[in-house]
Amino acid sequence: MVESAKKPTSQFNIFVERLLKKKGKIIDNKSIEKIVSQIMGEKYTRTKSYKIVHQANIKGHLIILKKDLYYVPQTKENETDIIAKWYWFILHLHIKQYIQGK
């Protein structure tokens, strides 16, 4: 008899699965906080969010480009290639945040 029991999935694994849907895109801190808060529910804190982001960065699932700006890599990409590819988009976001005083 084969039972289709689901393995318990950690919050980090769920976070990575949701990140994989955004491969090759730049996301901001608000998007990440939204994903983490949906996963954690009432247990959500910013500290836990930062820990998950740090763990994802160490394992190569997320690349930190700038404060509150992240890239979800498609493959093993380095920061220089990413910045060259997304330069104008990153510059636009940076100027927009500067003007808004963030």
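Check the entry above for the structure.
Attention in this report is confined to the structure presented alongside it. (Residues numbered from 1 in each chain as written. Predicted model: local features only at pLDDT ≥ 70, side-chain atom pairs only at ≥ 80, totals over all residues. Heavy atoms only, no water.)

With that settled, consider the overall build of the chain. Across its full length, the chain carries four helices and three strands. Moving toward the C terminus, one meets the helices and strands of the chain in the order α-β-α-α-β-β-α. Overall, the chain is about 60 × 30 × 20 Å in size when its C-alpha atoms are taken along their principal axes. Contacts spanning at least 24 positions in sequence make up 52% of the contacts within the chain whose residues lie at least 6 apart. As displayed, the chain offers around 7700 Å² of accessible surface, 55% of which is attributable to carbon and sulfur atoms. In the chain, 20 positive and 9 negative side-chain charges are present, and the distance between their average locations comes to 3 Å. (Helix = DSSP H or I, 4+ residues; strand = E, 2+ residues; numbered from the N terminus. Contact = heavy atoms within 4.5 Å. Areas by Shrake-Rupley, 256 points an atom, 1.4 Å probe, with all protein chains shown as cover. Lys, Arg positive; Asp, Glu negative; His and termini not counted. Charge placed at Lys NZ, Arg CZ, Asp CG, Glu CD.)

For the rest of this paragraph, the subject is the pattern of salt bridges. A complete count under the given rule lists one salt bridge for this structure. Linking Arg-46 and Glu-33 is a salt bridge whose minimum nitrogen-to-oxygen distance equals 3.2 Å. Remark: Glu-33 occurs in helix H2 (residues 29-40) and Arg-46 occurs in helix H3 (residues 46-58); sequence separation between them is 13 residues. (Salt bridge = Lys/Arg side-chain N within 4 Å of Asp/Glu carboxyl O.)

We now examine the side chain of Asn-29. The topology assignment puts Asn-29 in helix H2. Sequence-distant contacts of Asn-29, that is, excluding residues within four places in its chain, are made with Asp-68 and Tyr-70.

With that out of the way, let us pick up the pairing of strand E2 (residues 63-66). Examined bridge by bridge, E2 and strand E3 (residues 69-71) share three bridges and lie antiparallel to one another. Counterpart to Ile-64 in the pairing with E3 is Tyr-70. (Pairing = 2+ DSSP bridges.)

It is worth spelling out the nonpolar core at this point. Within the largest apolar cluster, 16 residues are counted, with the highest numbers of intra-cluster contacts made by Phe-15, Ile-27, Ile-32 and Leu-62. Residue assignment for this core shows that the elements contributing at least two residues are helix H1 (11-20), H2 and H3. Sort the elements by how many residues they give to this core and H2 lands first, with five residues. Setting aside its immediate chain neighbours within four residues, Phe-15 contacts Ile-32, Ile-35, Val-36, Ile-39, Ile-52 and Ala-56. (Core = buried A, V, L, I, M, F, W, Y, C linked by side-chain atoms within 4.5 Å. Buried < 20%, exposed > 50% of the residue type's maximum accessible area, 1.4 Å probe, protein only.)

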